[in-house]
Amino acid sequence: MTGHQILVLSAAQARERRAGLAELLLDAVLGGASVNFVWPMDQAKAEAWWDGALASHARGERLILTAELDGRLDGTVQLIPAAQENQAHRADIAKMLVHRRARRLGLGAALLLAAEGEARRLGRTLLTLDTETGSAGERLYARMGWVKFGEVPGYAASPDGSRHDGASFFYKRLTAA
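Small disclaimer: the values here were computed from a predicted structure and weren't measured.

When helices and strands are counted, the protein shows five helices and seven strands. Starting at the N terminus and walking to the C terminus, you meet the elements of the protein as β-α-α-α-β-β-β-α-β-α-β-β. Its C-alpha atoms give the protein a radius of gyration of 15 Å, near enough to 16 Å, the size a compact globule of 177 residues would have. When its C-alpha atoms are laid out on the principal axes, the protein stretches across 40 × 40 × 35 Å.

Structure follows, in structure tokens:
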């Protein structure tokens, strides 16, 4: 990884980065990433989604981590602890986004390791996530020791709506902190 700093944001820090977070989401969708959105995608749509995520973060329902270099936001990931009483040991990884200008620098791996560390700190010992089958994300998670436990064909529409892509589901057990 280059000189990027991985940060766990406070609610105030996350709000300050709203435009940059929205730009990351916009870049991902315009670049063809299957991250829950279809075209047309614009800054306003990305900001509206982040408004909900930031409100959830402010309520303590998720952590937002970023990868930054010289004030530029190049990546983000979220850790969403399960709210269910019988799942206090579990959390989800969501919205792993690395800007196209910063790919292949190890940011995805660094963000994932940081999220795993935060999960351990919170006492979470089981993480889950889903990603587009055949994607760079799927290869990253496998490399990082995540276990693929299933695949659902035709799970979500591609951003351009031209096809329905499969989703791969992963889990990882963590040792306690």
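In this section: the packing of aromatic side chains. Taken as a whole and assessed by the stated rule, the structure comprises seven aromatic pairs. Here the aromatic residues Phe149, Tyr155, Phe169 and Tyr171 are joined through ring pairs into a cluster of three or more.

Moving on, we come to the nonpolar core. Counting 23 residues, the largest nonpolar core has Ile93, Leu127, Tyr141 and Trp146 as the members making the most contacts within it. At the level of secondary structure, the elements contributing two or more residues to this core comprise strand 2 (63–69), strand 3 (72–81), strand 4 (90–98), helix 4 (107–121), strand 5 (126–132) and helix 5 (136–143). The element best represented in this core is helix 4, accounting for five residues. What Tyr141 contacts, discounting residues up to four positions off in sequence, is Met96, Leu112, Leu129, Thr131, Trp146 and Phe170. Leu25, Val29, Phe37 and Met41 belong to the second-largest nonpolar core, a separate cluster that totals 20 residues.

Before going further, it helps to spend a moment on the pattern of salt bridges. Overall, the coordinates contain 16 salt bridges when judged by the stated rule. Between Glu132 and Arg163 there is a salt bridge, and its shortest N-O distance comes to 4.0 Å. Within this pair, whereas Glu132 is found in strand 5, its partner Arg163 is found in the loop between strand 6 (147–157) and strand 7 (164–173), the two being separated by 31 residues in sequence. Overall, Arg163 belongs to the partly exposed group, its relative accessible area being 40%. One salt-bridge network, in which partners are shared between bridges, spans Glu23, Arg72, Asp74 and Arg101.

Rules used throughout
- The residue count restarts for each chain, going from 1 along the sequence in the order it is written.
- Side-chain atom pairs in this predicted model are given and counted only at pLDDT of 80 or more, local residue features only at pLDDT of at least 70, and totals for whole chains, interfaces and linings cover all residues.
- Working from all heavy atoms in the structure, the side-chain values ignore hydrogens and water.
- The way it works is that DSSP assigns letters per residue, a run of H or I at least four long becomes a helix, a run of E at least two long becomes a strand, and they are numbered from the N terminus.
- We take the radius of gyration over the C-alpha atoms and set the globule estimate at 2.2 Å times the residue count to the 0.38 power.
- Paired rings are identified among Phe, Tyr and Trp, the last through its six-membered ring, by centres lying within 6.5 Å, and are further divided according to the angle between planes into stacked (under 30 degrees), edge-to-face (over 60) and tilted (the rest).
- We define the nonpolar core as a collection of buried residues of types Ala, Val, Leu, Ile, Met, Phe, Trp, Tyr and Cys that are connected through side-chain atoms lying within 4.5 Å of one another.
- Each residue is assigned to one of three classes by its accessible area relative to the maximum for its type, calculated with a 1.4 Å probe on protein chains only: buried under 20%, partly exposed between the two thresholds, exposed over 50%.
- Residue contacts are defined here by distance: any two heavy atoms, one from each residue, within 4.5 Å place the two residues in contact.
- Here, a salt bridge means any side-chain nitrogen of Lys or Arg that lies within 4 Å of a carboxyl oxygen of Asp or Glu.

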